[in-house]
Amino acid sequence: YGYASVATSVNDVLEVLGSAYVDACLVGGALPGSSCPSPPRASNSIESVGVQNVQGGSALRKAHRAFERKGLQLKACYVDFSLVDNLALRDGTLEAAKELDITVLARSPLCAGLGSGEITERNPTGGSTVGASPKWRPRALRQLAPLHDAIEQVCGMVQARRADDERSMAQRQNRDAGKVEKILPVQVALQWVRAKGAVPLPAVKNQKHAQAIIGCQGWALEANEVEVLDNALPRS
């Protein structure tokens, strides 16, 4: 805890990496108060800082001012944010981050599968069959059915739009239209997080997860598709 321990940790990392500085240092939720000593010289090795678990517009602005007084730039904010856990959208976190040029890093952007669109009331095991048991109670999945239906609807909208784009391009280039990769619910969920100005940081546990994330490249949700999801967001 405190600036001295941050400086010690950074110096240790710099020695291991053989580098003169780190791009950013992500610290815990505690804010530097008036009783904190001035940053040690080692903090000059830090280009910028980020905070985690500092949520809410007023809290983020307070953190920004506090680090400014210490001569440090607050450039990143690490919070839970997903289609299901969307408090950061309603409590001013995203608005303040945009105003202060702070990058929002979205932890758990699929909310442990609840916001992935793959674990639903109709498919409680997420497609697993052998020895699989539902991760969530039926009541939770039933409450999220409108959101899961909206994700499925947007998948179809994006698929149709991309197919139309491919046909138009093929026609202009005088060739046969190519096959358009299937849009997955998990990709729509991640693209919604991006559309709200945050950087989704999903866990990658296997090749399937990696391929789904790679499939997010080259396209984004349009305003009407984002609106479909916004209209189905749970409030808690």
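Refer to the structure printed above.
Throughout what follows, the structure given in this document is the object of discussion. Here the residue numbering is sequential within each chain, running from 1 through the sequence in written order. Where local features are concerned, this predicted model is filtered to residues with pLDDT of at least 70; where side-chain atom pairs are given and counted, the filter is 80 or more; whole-chain, interface and lining totals use all residues. Values reported for side chains reflect all heavy atoms of the structure, with hydrogen atoms and water molecules removed beforehand.

1. Concerning a nonpolar patch on the surface
Step number 1: A cluster of nonpolar side chains, Val-13, Val-16 and Leu-17, forms an exposed patch at the surface whose accessible area comes to about 310 Å².
Step number 2: Put simply, DSSP marks the helices as runs of H or I at least four residues long and the strands as runs of E at least two long, and each gets a number from the N terminus on. Take Val-16: it is sitting in helix α1 (residues 3–17). Patch membership requires over 30% relative accessible area and the absence of a salt bridge. Like charges are linked within 9 Å, and nonpolar side chains (Val, Leu, Ile, Met, Phe, Trp, Tyr) within 5 Å. Here the Shrake-Rupley method, with its probe set to 1.4 Å, supplies the accessible areas, and only the displayed protein chains count as covering residues. For salt bridges, the criterion is a side-chain nitrogen of Lys or Arg within 4 Å of an Asp or Glu carboxyl oxygen.

2. What to know about helix α9 (residues 223–230)
Step number 1: When a residue's accessible area, from a 1.4 Å probe over protein chains only, is under 20% of the maximum for its type it is buried; when over 50% it is exposed; and in between it is partly exposed. All buried positions along α9 are accounted for by Glu-225, Val-226, Val-228 and Leu-229. Looking straight down α9, one finds its buried side chains confined to an arc of 155°; they lie on one side.
Step number 2: Note on contacts: a residue pair is in contact if any heavy atoms of the two residues lie within 4.5 Å. Against the buried residues of α9 lie α6 (145–172) and α7 (185–195). Throughout, the arc means that of the directions going from the helix axis to the C-beta atoms.

3. Thoughts on the pattern of salt bridges
Step number 1: Following the criterion strictly, the structure yields 11 salt bridges and no others.
Step number 2: Between Arg-122 and Glu-152 there is a salt bridge, and its shortest N-O distance comes to 3.0 Å. Of the two residues, Arg-122 is situated in the loop between β4 (103–107) and α5 (138–143) and Glu-152 in helix α6; the sequence distance between them amounts to 30 residues.
Step number 3: The exposure class assigned to Arg-122 is exposed, which follows from its relative accessible area of 62%.
Step number 4: Through salt bridges with shared partners, a single network forms among Arg-122, Asp-149 and Glu-152.

4. Examining the nonpolar core
Step number 1: Within this scheme, the nonpolar core is defined by two criteria: the residues are buried Ala, Val, Leu, Ile, Met, Phe, Trp, Tyr or Cys, and they are joined through side-chain atoms within 4.5 Å. Within the largest apolar cluster, 50 residues are counted, with the highest numbers of intra-cluster contacts made by Leu-60, Leu-74, Phe-81, Leu-83, Trp-192, Leu-221 and Leu-229.
Step number 2: Looking at this core, the elements that each hand over two or more residues are β2 (49–52), α2 (57–69), β3 (74–80), α4 (93–100), β4, α6, α7 and α9.
Step number 3: What Leu-60 contacts, discounting residues up to four positions off in sequence, is Val-51, Val-54, Leu-74, Cys-77, Thr-93, Ala-96, Ala-97, Leu-100 and Ile-102.

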